[in-house]
Structures are given as C-alpha cells and as structure tokens.
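Fold and geometry: a report
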Amino acid sequence: MSASANDTLGLLLERAEGERDAAAQALHAASAQATAARAQHGELSGYRQDYQQRWTQSFAQGTTMSIVGCYRSFGQRLDQAVDTQGHVAQHADQRQERAREALRQAELRVAALRQLIARRQAEADKVTQRREQRTSDEFAARAHLRRTAHA
C-alpha cells in the first residue's frame with residue numbers, strides 16, 4: 001500500500017473514530033436527559049396522585065365551593081404539567097434512540113475502515129512477499145547457473 005493511500009486511510013480512520021467518540025458522548029448526554037425527564041415525569045405523576053388522595057380525604061370531611069374550584073384549577077394545571085412532562089420524556093427517549101443509532105452507524109464506519117486498512121495491508125504484504133520470493137528465486141537460479149558453469 002502506498003504511503004499516501006496509507007496516510008489517507010489513517011486520516012479517515014482518525015476522523016471516523018472522532019465522530020464515533022462524539023456520537024458516544026451525545027448518546028451519554030441523551031441518555032442522561034431521557035433518564036432525568038422520565039424521573040421528573042414519575043415525580044409529577046406521583047405528586048398528582050398524592051394530591052388527589054389528600055383532597056379526596058378533605059372532601060369527605062366537607063368543604064366550600066371556592067376550595068373545590070381551587071382544587072380543580074390546580075388539578076388541571078397539574079394534569080397539564082404531567083402531560084407536558086410526558087411529552088418531554090417521550091421526545092428525550094426519541095433523541096436517545098437517534099443518538100444510539102448514530103453511534104451504531106459511526107461504529108460501523110470505524111469497523112469498515114479498519115477492515116479496509118487491514119485488507120490493503122495484507123495485499124501490500126503479499127506483494128512484498130512475492131517480490132522477495134522472486135528475488136530469492138532469481139538469486140538461487142543464478143547461484144545454480146554459476147555452480148553448473150564451474151562444474
């Protein structure tokens with residue numbers, strides 16, 4: 001393999017490895033964001049459930065209509081927050097999946113380049129081995145001709 005082709009493939013491999021490393025970092029960040037978003041969604045859902053249970057107990061003891069209105073208003077805003085956070089978590093999961101796929105693609109490119117480099121190196125080694133064998137054969141043939149010529 002020529003030096004320039006070797007250098008070019010080496011540079012391509014370095015670039016692909018850099019892209020793979022960046023994709024791995026992006027996946028790590030996306031995973032952390034998805035985990036945080038799901039955790040926050042779970043906390044909000046748990047809070048909503050606790051809120052509903054507390055107020056159900058309060059209603060059993062009797063309350064005024066204005067308090068019921070406040071309960072309903074806050075409950076609706078809480079439902080909206082839970083739904084919104086559910087969408088945020090869903091989008092974070094989708095970003096995580098896209099980041100995982102990008103990493104997989106980057107790893108495939110690195111593997112393909114390494115395989116290409118190995119194949120090219122094997123071809124170059126084979127050419128070198130044939131050249132050395134031919135040189136060795138020619139040397140042996142000349143030595144044989146000299147021995148037969150002196151005999």
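Just above sits the structure.
In this convention, every chain numbers its residues from 1, walking through the sequence in written order. Reporting of local features is limited, given that this is a predicted model, to residues whose pLDDT is at least 70; pairs of side-chain atoms are given and counted only at 80 or more, and all residues count toward the totals for whole chains, interfaces and linings. As a rule here, side-chain values come from all non-hydrogen atoms in the structure, and water together with hydrogens is ignored.

**Thoughts on the overall build of the chain**
- Going along the chain from the N terminus, every DSSP run of H or I of four or more residues is numbered as a helix, and every run of E of two or more is numbered as a strand. For the chain, the helix and strand inventory stands at two helices and zero strands.
- Each radius of gyration reported is based on C-alpha atoms, and the globular scaling rule is 2.2 Å times the count of residues to the power 0.38. A compact globule built from 151 residues should have a C-alpha radius of gyration of about 15 Å, whereas the chain, at 35 Å, is more than 25% larger.
- With the C-alpha coordinates aligned to their principal axes, the bounding extent of the chain is approximately 130 × 25 × 15 Å.
- Only protein chains enter the accessibility calculation, which uses a 1.4 Å probe; a residue is then buried when its area is under 20% of its type maximum, exposed when over 50%, and partly exposed in between. Counting all 151 residues of the chain, 17% fall into the buried class.
- Considering only intrachain contacts with a sequence separation of at least 6, the fraction spanning at least 24 residues in the chain is 87%.
- With residues, only the protein chains shown are counted as cover, and all accessible areas are computed by Shrake-Rupley using a 1.4 Å probe. Of the roughly 11000 Å² of accessible surface on the chain, 54% is carried by carbon and sulfur atoms. Two residues qualify as a contact provided that any one of their heavy atoms is within 4.5 Å of a heavy atom in the partner residue.

**Focus: the environment of Ala141**
- Mapped onto the elements, Ala141 comes out in helix 2 (residues 65–150).
- A sequence separation of 22 residues divides Ala141 from Arg119, and the C-alpha atoms of the two residues are 32 Å apart.

**Quick notes on the packing of aromatic side chains**
- In this scheme Phe, Tyr and Trp rings, the latter by its six-membered ring, pair at centre separations within 6.5 Å, and the angle between planes marks the pair as stacked below 30 degrees, edge-to-face above 60, and tilted otherwise. The final tally for this structure, using the stated rule, is five aromatic pairs.
- Ring plane angle 45° and centroid distance 5.6 Å describe the contact between Trp55 and Tyr71, whose orientation is recorded as tilted. Of the two residues, Trp55 is situated in helix 1 (residues 3–60) and Tyr71 in helix 2; the sequence distance between them amounts to 16 residues.
- With relative accessibility at 17%, the residue Tyr71 sits in the buried group.

**Things to note about the environment of Asn6**
- Along the polypeptide, Asn6 turns up in helix 1.
- Exposure remark for Asn6: the relative accessible area of 33% places this residue in the partly exposed category.
- For the pair Asn6 and His91, spaced 85 residues apart in sequence, the C-alpha to C-alpha distance is 43 Å.

**Here's the deal with the packing of helix 1 against helix 2**
- Interaxial distance between helix 1 and helix 2 falls to 7 Å at its minimum, and their mutual angle equals 160°. The pairing of helix 1 with helix 2 is recorded here as roughly antiparallel in orientation. Here helix 1 runs over helix 2; the crossing is left-handed.
- Here the nonpolar group is Ala, Val, Leu, Ile, Met, Phe, Trp, Tyr, Cys and Pro; Asp, Glu, Lys and Arg are the charged ones; every other residue, Gly included, is treated as polar. A per-class count over the contact of helix 1 with helix 2 returns 35 nonpolar, 10 polar and 13 charged. A fitted line through C-alpha atoms represents every axis, and for helices the fit uses only the stretch in contact; the resulting angles, taken between N-to-C directions, go from 0 to 180 degrees. In this scheme, roughly parallel covers angles under 35 degrees and roughly antiparallel covers those over 145, while 65 to 115 is roughly perpendicular and the rest are oblique. The crossing is said to be left-handed when, going from far helix to near helix, the turn is anticlockwise and less than a right angle, and right-handed when the turn is clockwise.

**Focus on the pattern of salt bridges**
- The term salt bridge refers to a pairing of a side-chain nitrogen on Lys or Arg with a carboxyl oxygen on Asp or Glu at a separation within 4 Å. By the definition in use, this model includes eight salt bridges.
- The salt bridge partner of Glu19 is Arg15, with a shortest N-O separation of 3.4 Å. Here Glu19 and its partner Arg15 are both found in helix 1, four residues apart, which amounts to about one turn of the helix.
- Owing to a relative accessible area of 59%, Arg15 belongs among the exposed residues under this scheme.

**A closer look at helix 1**
- An ideal rise of 1.5 Å per residue puts 86 Å on 58 residues; helix 1 measures up with 85 Å between its terminal C-alpha atoms.
- Contacts made by the buried residues of helix 1 are with helix 2.
- Taken from the residues just after helix 1, Gly62 is the one with a positive phi, measuring 95°. Here the expected length of a helix is defined as 1.5 Å per residue gap, with one fewer gap than residues.

**What to know about the side chain of Gln96**
- In this structure, Gln96 sits in helix 2.
- In this view, Gln96 contacts Leu27, Ala30, Ser31, Ala34 and Arg38; residues no more than four positions away in its chain are not counted.

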